[in-house]
Amino acid sequence: MFKVRELWMNYQKELMAVESMPQFSWILEGDARGVAQQGYQLQIAKDAAFENIIVDTGMVESAESAHIVPEISADASVKCPVPALLESATRYFARVRVTARTEDTDGEAEMSEYSPTASFVTGLLQEAEWKASCISPETAEDADKSNGSYLRKEFCVSEKKKVKEAFAFTTAFGLYQLYLNGEKVGTEELAPGWTSYKKHVLYQTHDITDKLREGVNVIGVHIGAGWYKGVIGFARKRNLYGEQTAFLGQILVRYEDGTSEWICSEASWKCAPSPVLFSEIYDGEIYDAAKEQLGWNKPGFDDSGWKKAEELREMPCEKGSLTVQEASAVREMERFPAKAIFQTPQGDTCIDFGQNMAGWVHVQAAGKAGDVIELICFETLDAAGNVYLDNLRSAKQTIRYVFGRDGEIEYHPHFTYQGFRYAKLVQFPGGVQAAKKEHFMAYALYSDMEETGEFSCSHPELSQFHKNVGWGLRSNFVDVPTDCPQRDERLGWTGDAQIFSRTATYLRNTYSFYEKWLKDVACDQTAEGGVAHVVPDILSGRVDGDWLLSQGTHSAAAWADVAVIMPWSLYLNYGDTKILEKQYDSMKGWIAFMRTHAVDHIWNYKLQFGDWVALDAEEGSYYGATPNDLTCTAYYAYSTGLFAKMCQILGKAEEAREYQELYQQIVRAFQERFFDKDGNLTAQTQTAHILALYFHLVEARYREKTAARLKELLAKENGHLVTGFVGTPYFCHALSENGCTKEAYELLLKDDFPSWLYQVKMGATTVWEHWDGMKPDGTMWSADMNSFNHYAYGAVDEWIFRVLGGIDTSEAAGEAGFHRSVLYPHIGGGLTWAKTSYLSPYGKVGTEWKVDRNRVKETFTIPHNTTALIRLFQAEAVLEADGLNFEKNPADGVWQAEAGSGIYQISYRMKQ
């Protein structure tokens, strides 16, 4: 009747490694309706045959099929208690079976077969197990260089003993690629990623058993500057974390006889310059193949001319900073053949890959020694159809390959990435006219996150916009959530990340990605709890003379609130309280910072971005017209209210009362300060009204009046928004939550400037930084800040999922994470159909609706072991209930029904 289709660990089907027992969850599959789990039995073993079982929970009476962590038990009656500590460098295997009831079993529980086996590997669980030394191929004299370097070490594997298993634990201060006997280990790129290196460094874990050979083996490392010591930030400063690249690694080899040995990085390793003469994040790479040393990472290579690596006296990071990378490594995720090679009116030869993205270009071509392939990557063409580089600012985005010998080569960069759709071909063997489409392939690089959200509808431009939002995410989730992937910035701006966080959790499985970044948010907080404008924080102490940031580098409303809002977003979509526990001190610290600097509960502090780049700004200004006191205090209230909820969810009743009281005080202060005696907002901007409505800062008696005024302000602009970063994400919500779904659709579907679909009409394949980044005549908004790949305004995709598609979750403890869904599609906009789905921790949640005049047909998909509240938008009469009992909600008159798992087809007649 049913089965366990998949067993997940920490919300992943596969993990790179863990440092503690993962959380387990599973997805049930079956044709019956109303599948409700009654119990589970989880087993964990050291072998795939489950002969050496270390954990056997027995049949646990429980309806939970997510967030399961076997509890440590000292009870002797427990068949197989969970060990207090897992063993380091060990592969474990897990499986689960469940008992469940369905609508067809008359209350009798049935037992499933065991799930397909999942496995996970542990990293080094104790800091003392790190025996390796940090070694560098550079000296302090190389501080201003950004070339690549090789490291290598030969070691022997016993020919008399059989290898049982082997693992590598490696990281770098810089970017690195790991090789064993000439083969690249793992598929990660730009490893170990970008973190607050002094306090938080990820290491990678690989099972290398199959790559080892008896006798001599060679471990090779190719290392470059990356974020660690290369130029980063629009101030173009380098060596922000250190002046030398460095490598740390050790290999464990276990033999069948029970013995083992370690191979660690230390002073005997050899090093030499690599053919990468230059490679930096912004400016690209220069590779001279004449300097290749063939076989450098294989046994038998003569490294007598190489020098010894320098063993660093101190680790470049604080004690306890090394953390295993569990998932979401950057990889080559998608590839795009060249669509066209063309010549611009100015005579430049260009390649069009058809999609704006973050990544790099693979080149496969033949040439002679000394020939050069040179590409400049860029986003868009100007009004005349020529190459447009101005919005890159100082970023060169140039790739240069020099042939070392005659023949065919295949090349892509190593320690950089570009933001581009186009590439200008500057040099090519035989002349640029000799280049063919088949010579070039673009690869999109982004953090490996499973796609979880899907949407399509009868409106082609809206469907395309959704795709564009997805590409904005892909392009800016290259290890950290950046603002843009092309110019000399690419920083983890907290404001962009905050407003997009819930949208992102619908689109992709962002849990591991955000969990890792939130750790850096906490690492970079000030002693007072202030939150940096960008994370990792490369601004503080480094912005003297900057016209904007010299006013302050942390604690801006909406930006800093990511510390509270992002954990809340993860809780909502995953039902996970572990992230709330991890980030509790960080969240509390941020609330305390605002509390300290508030006067009578009205908060403001140094540099505020306000409603950034709103169209109601004064000429030449980036700041919107909504007063900073208002936006700051609104977010102060919102974050405090969310924190009070999270305290309650975590069982911290006393703290919940304290912060709920503080929240109420802030709301009262907001109402007294920003509303007049007649209930009118003193700031007559769209954003002021949006925040007051969506953050529930309006007195109940003035809510309808405030919504009506928002509609008037919208009408004043001929139905267009003039909002910036703060107001835009919530605009459609503020309308639809207040009986204005028609106006929300009208706003969403506008296709002239300024609007979301204007960009689609202009041929965009991503979301732009500015509403008018490119004007109707093809001219540009400006050169200094004009990204064509900026996800922030794509935050409205959350409204598409939650309101248009109607897929939402209960907030209650035990119900969040779509354990209890709220399915309430809002029909409108002239759309004749829409199809939306989200892959939750329990399985796929889906809605599909079709409209024929005033008759609506809806299909709802509810995962097994979950329930849902189904609500029918503007229903006058239910025509087909498919076995559900629909009743009118006495509070709002909406027809609704409770439903167990399964697929339901409902039809109803809409009100005219």
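Residues numbered from 1 in each chain as written. Predicted model: local features only at pLDDT ≥ 70, side-chain atom pairs only at ≥ 80, totals over all residues. Heavy atoms only, no water.

**Here we look at the state of the cysteines**
Right, so step 1: Across all of its chains, the model carries zero disulfides by this definition.
Right, so step 2: Counting only cysteine sulfurs, C350 is the nearest neighbor of C377, a cysteine outside any disulfide, at a range of 11 Å.
Right, so step 3: Here C523 is not disulfide-linked; the sulfur of C317 is the nearest cysteine sulfur, at 11 Å.
Right, so step 4: On the basis of relative accessibility, which here comes to 15%, the residue C523 falls in the buried class. (Disulfide = S-S within 2.5 Å. Buried < 20%, exposed > 50% of the residue type's maximum accessible area, 1.4 Å probe, protein only.)

**A short note on the sheet that holds strand 43 (residues 855-862)**
Right, so step 1: Sheet architecture is open: six strands sit in the order 34-41-42-43-48-45, paired in antiparallel fashion. Of all the strands in the sheet, just strand 34 (453-457) and strand 45 (875-880) have a single pairing partner and so form its edges. Ignoring which end each strand starts from, the neighbouring axes of this sheet average 15 degrees apart.
Right, so step 2: Across the face of the sheet, helix 15 (residues 797-804) comes into contact with strand 34, strand 41 (833-840) and strand 42 (843-852) while running at roughly 80 degrees to strand 34. (Pairing = 2+ DSSP bridges. Helix = DSSP H or I, 4+ residues; strand = E, 2+ residues; numbered from the N terminus. Axes fitted to C-alpha atoms, helices over the stretch in contact; angles between N-to-C directions. Contact = heavy atoms within 4.5 Å.)

**Things to note about the sheet that holds strand 46 (residues 887-888)**
Right, so step 1: Taken in spatial order, the five strands make up an open sheet running 39-40-44-47-46, and their pairing is mixed. If you trace the sheet from one side to the other, it starts and ends with strand 39 (807-809) and strand 46, each paired once.
Right, so step 2: Summarising the sheet, strand 44 (residues 867-872) and strand 47 (residues 895-899) pair through five bridges and their orientation is antiparallel. Its bridge partner lying in strand 47, I870 is registered against A897.

**Topic: the pairing of strand 15 (residues 215-224)**
Two faces make up the sheet, and in a regular strand the side chains alternate between them.
Right, so step 1: Of all ten residues in strand 15, nine are buried; the element is thus mostly enclosed.
Right, so step 2: Across nine bridges, the pairing between strand 10 (residues 149-157) and strand 15 is antiparallel. Bridge pairing links Y150 to H222 in strand 15.
Right, so step 3: Sheet topology note: the strand 12 (residues 175-180)/strand 15 ladder contains six bridges and is antiparallel. Among the inter-strand pairings, L175 is bridged to a residue of strand 15, identified as G224.

**Concerning the pairing of strand 44**
Right, so step 1: Burial within strand 44 is extensive, with five of its six residues counted as buried.
Right, so step 2: Here four bridges tie strand 40 (residues 820-823) to strand 44, and the two strands are oriented parallel to one another. Each bridged residue has a counterpart across the sheet, and for R820 the counterpart in strand 44 is T867.

**Some thoughts on unusual backbone geometry**
Right, so step 1: Each neighbour pair has its own omega, and for A191 with P192 the value is 5 degrees, a cis peptide bond.
Right, so step 2: By secondary structure assignment, the location of P192 is in the loop between strand 13 (183-184) and strand 14 (201-207).
Right, so step 3: Each neighbour pair has its own omega, and for V535 with P536 the value is 0 degrees, a cis peptide bond.
Right, so step 4: The residue P536 is located in the loop between helix 4 (511-523) and helix 5 (562-574) in this model.

**Here we look at the pattern of salt bridges**
Right, so step 1: Scanning all chains against the criterion turns up 51 salt bridges.
Right, so step 2: A salt bridge links D751 to K761; its shortest N-O distance comes to 3.7 Å. A residue pair is termed long-range when its members are at least 10 positions apart, and D751 in the loop between helix 13 (741-748) and helix 14 (756-761) and K761 in helix 14 qualify at ten residues.
Right, so step 3: For R802, the salt bridge is made with D808, and the minimal N-O distance between the two is 2.9 Å.
Right, so step 4: Classification of D808 by relative accessible area gives buried; the value is 16%.
Right, so step 5: The network of salt bridges with common partners includes K3, R5, E6, K13, E29 and E450. (Salt bridge = Lys/Arg side-chain N within 4 Å of Asp/Glu carboxyl O.)

**Describing helix 11 (residues 703-716)**
Right, so step 1: End to end, helix 11 covers 20 Å across 14 residues, agreeing with the expected 20 Å (1.5 Å per residue, within 8%).
Right, so step 2: Every buried residue belonging to helix 11 is among R703, T706, A707, L710, L713 and L714, and all of these are buried. Along the long axis of helix 11, the arc covered by the buried residues comes to 115 degrees, so they all point the same way. Among the exposed residues of helix 11, those oriented more than 90 degrees off its buried face are E704, A715 and K716.
Right, so step 3: Buried residues in helix 11 make contact with helix 10 (686-694), helix 12 (731-736) and helix 13.
Right, so step 4: Within two residues after helix 11, N718 carries a phi angle of roughly 60 degrees, on the positive side. (Expected span 1.5 Å × (residues − 1). Arc of directions from axis to C-beta.)

**With respect to the packing of helix 3 (residues 494-507) against helix 15**
Right, so step 1: Close contact between helix 3 and helix 15 brings their axes to 8 Å; oriented N to C, the two are set at 65 degrees. Considering the relative orientation of helix 3 and helix 15, their crossing is left-handed. In contact with R502, T503, Y506 and L507 of helix 3, helix 15 contributes D797, E798, F801 and R802.
Right, so step 2: Of the residues assigned to the contact of helix 3 with helix 15, the class counts are three nonpolar, one polar and four charged. (Left-handed = near helix turned anticlockwise from the far one by under 90°. Nonpolar A, V, L, I, M, F, W, Y, C, P; charged D, E, K, R; others polar.)

**Observations regarding the side chain of T847**
Right, so step 1: Assignment of secondary structure puts T847 in strand 42.
Right, so step 2: Looking at T847, the relative accessible area reads 4%, which means it is buried.
Right, so step 3: Among the polar contacts made by the side chain of T847, one reaches the main-chain carbonyl oxygen of G805 at a distance of 2.6 Å.
Right, so step 4: In this structure, T847 is in contact with G805, I807, L823, P825, A834, K835, T836, T859 and F860, ignoring residues within four places of it in sequence. (Polar contact = N/O pair within 3.5 Å; in protein donor to acceptor, adjacent residues only side chain to side chain.)

**Quick look at the environment of V231**
Right, so step 1: Here V231 is to be found in the loop between helix 1 (226-229) and strand 16 (246-255).
Right, so step 2: With a relative accessible area of 10%, V231 lands in the buried category.

**Topic: helix 9 (residues 653-674)**
Right, so step 1: Look at helix 9: 31 Å from first C-alpha to last across 22 residues, which is about the 32 Å you get at 1.5 Å a residue.
Right, so step 2: Where helix 9 is concerned, the buried positions are A656, Y659, L662, Y663, I666, V667, A669, F670, Q671 and F674.
Right, so step 3: Each element contacted by the buried residues of helix 9 is listed here: helix 7 (584-597), strand 38 (602-603), helix 8 (628-649) and helix 10.

**With respect to the side chain of D772**
Right, so step 1: Relative to the helices and strands, D772 is located in the loop between helix 14 and helix 15.
Right, so step 2: Taking relative accessible area as the criterion, D772 reaches 9% and is therefore assigned buried.
Right, so step 3: Polar side-chain contacts of D772 include one of 3.1 Å to the side chain of K775.
Right, so step 4: If we ignore the near neighbours within four places in the chain, the residues touching D772 are F753, Y758 and W781.

**Describing the packing of helix 4 against helix 5**
Relative placement of two packed helices is described by the angle separating their axes and the distance separating the axes.
Right, so step 1: Running from amino to carboxyl end, helix 4 crosses helix 5 at an angle of 155 degrees, the nearest separation of the two axes being 11 Å. Looking at the two axes, helix 4 sits roughly antiparallel to helix 5. Our pair here, helix 4 against helix 5, has a crossing hand that is left-handed. Facing helix 4, whose interface residues are Y511, Y514, W517, L518 and V521, helix 5 presents V562, A563, M566, P567, L570 and Y574.
Right, so step 2: Classifying every residue of the contact of helix 4 with helix 5 gives eleven nonpolar, no polar and no charged. (Parallel < 35°, antiparallel > 145°, perpendicular 65-115°, else oblique.)

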